Amino acid sequence: MRYLKLFFLTLMVIISSAAVSFAYEWKPISGEMSIGFEGIRFKDMNETKPLLALEIGSRNIYYGYSLLLGAANIENQIYEISPNVYSQSIDYYPIEFNVKGYYQLKDIELGFGGGLSMNYLSYSQRNETADKDISSKDNVLFGAQLKGEIKFLFPSSSGVDAFVSVEYVYQFVEKTNTFLGPVDLSNQRLGIKLGGRF
């Protein structure tokens, strides 16, 4: 609970200071909103898992900043400690503040940038043999990410236009301990985003 309070306090400080600094320099003339469907692969895990993300930002034609909220179940692992069978489930919720630069070529827009993140991690352990939850823990991990994307722009009946984009992300996240030992949650993401510029 202490980590959760620290998490929200830090998030509010980041958003407030960003709003003050950008208010004088960046006079946003438009915004952007998208839903992302990406595959996320963590350094210490072999499988690619689905990640759903909502990103909302303020921007002009050349640069902008955004806030991303994501969610993924990254592991459901079964293991045995005789005579019982146990399971561990890990949920990962990234919250990112990103700054991006853009370059438009007719109906295609290139974007590149990065930012800082606070990643909420929730993991639980269950005794499957006894059909009983044993324990659960929460943790907040700090990280940083680099992003690159290609947007394909389409006419839209509202806003400036709609887009489909392909995005690649590399995110560095500090290591953490789970019930089964230390895990490096640095990750790569690749997927599509559907959204619009307004």
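See the structure shown above.
Reading the values: the criteria
Residues numbered from 1 in each chain as written. Predicted model: local features only at pLDDT ≥ 70, side-chain atom pairs only at ≥ 80, totals over all residues. Heavy atoms only, no water. Core = buried A, V, L, I, M, F, W, Y, C linked by side-chain atoms within 4.5 Å. Buried < 20%, exposed > 50% of the residue type's maximum accessible area, 1.4 Å probe, protein only. Helix = DSSP H or I, 4+ residues; strand = E, 2+ residues; numbered from the N terminus. Contact = heavy atoms within 4.5 Å. Salt bridge = Lys/Arg side-chain N within 4 Å of Asp/Glu carboxyl O. Pairing = 2+ DSSP bridges. Phe/Tyr/Trp six-rings, centres within 6.5 Å; stacked < 30°, edge-to-face > 60°. Lys NZ or Arg CZ within 6 Å of the ring centre and 35° of its normal. Polar contact = N/O pair within 3.5 Å; in protein donor to acceptor, adjacent residues only side chain to side chain.

Counting 16 residues, the largest nonpolar core has F42, M45, I74, Y92, L121 and L185 as its most contacted members. Only β1 (30-42), β2 (48-59), β3 (63-81), β4 (84-105) and β5 (108-127) provide two or more residues apiece to this core. A total of three residues in this core trace back to one element, the largest contributor, which is β3. When sequence neighbours within four positions are dropped, the list of residues in contact with L185 reads F42, M45, I74, Y92, L121, L141, V173 and T176.

For the rest of this paragraph, the subject is the pattern of salt bridges. Oppositely charged side chains can form a pair if their charged atoms are brought close together. Using the criterion set out here, one finds 19 salt bridges in the structure. Ionic pairing is found between E55 and K193, a salt bridge with its closest N-O pair at 3.2 Å. Here E55, found in strand β2, pairs with K193, found in strand β10 (residues 187-197); they are 138 residues apart in sequence, far enough to count as distant. With respect to burial, E55 and K193 carry one shared label: buried. The shortest N-O distance in the salt bridge between E96 and R189 comes to 2.5 Å. With a gap of 93 residues between them, E96 in strand β4 and R189 in strand β10 connect regions that are remote in the sequence. The same class applies to E96 and to R189, which are both buried.

Another aspect to go through is unusual backbone geometry. Phi angles above zero are rare outside glycine, and K106 is one such case at about 55 degrees. Structurally, K106 is set in the loop between β4 and β5. Relative accessible area serves as the criterion here: at 73%, K106 is assigned to the exposed category.

Further remarks concern the pairing of β5. On a regular strand, one side chain projects to one face of the sheet and the next to the other, so that they alternate. Relative to β5, β4 is paired through 20 bridges, and the arrangement is antiparallel. When the bridges of β5 are listed, F97 appears paired with L116. Connecting β4 to the next strand, β5, in antiparallel fashion are two residues, including K106 with a positive phi near 55 degrees. Two strands pair when backbone bridges link them, and β5 and strand β6 (residues 132-154) are joined in this way by 20 bridges, in the antiparallel orientation. Looking at the pairing, S124 lines up with S136 of β6. What sits between β5 and β6 in their antiparallel hairpin is a turn of four residues, with D131 showing a positive phi close to 55 degrees.

A word on the pairing of β6. As judged from the twelve bridges shared by β6 and strand β7 (residues 161-173), these two strands associate in the antiparallel manner. Paired with G143 across the two strands is V173, which belongs to β7.

Moving on: the packing of aromatic side chains. A full pass over the atoms with the stated rule returns three aromatic pairs. A centroid spacing of 6.1 Å and a plane angle of 40 degrees characterise the contact between Y65 and F97, whose relative ring orientation is tilted. On the criterion of sequence distance, the pair formed by Y65 in strand β3 and F97 in strand β4 is long-range, its members being 32 residues apart. Of the two residues, Y65 and F97, both sit in the buried class. Note that K151 overlies the ring of F163, its terminal NZ or CZ placed 5.1 Å from the centroid.

Bringing the environment of Q145 into the picture now. Among the secondary structure elements, Q145 is positioned in strand β6. Polar side-chain contacts of Q145 include one of 3.4 Å to the backbone oxygen of L116.

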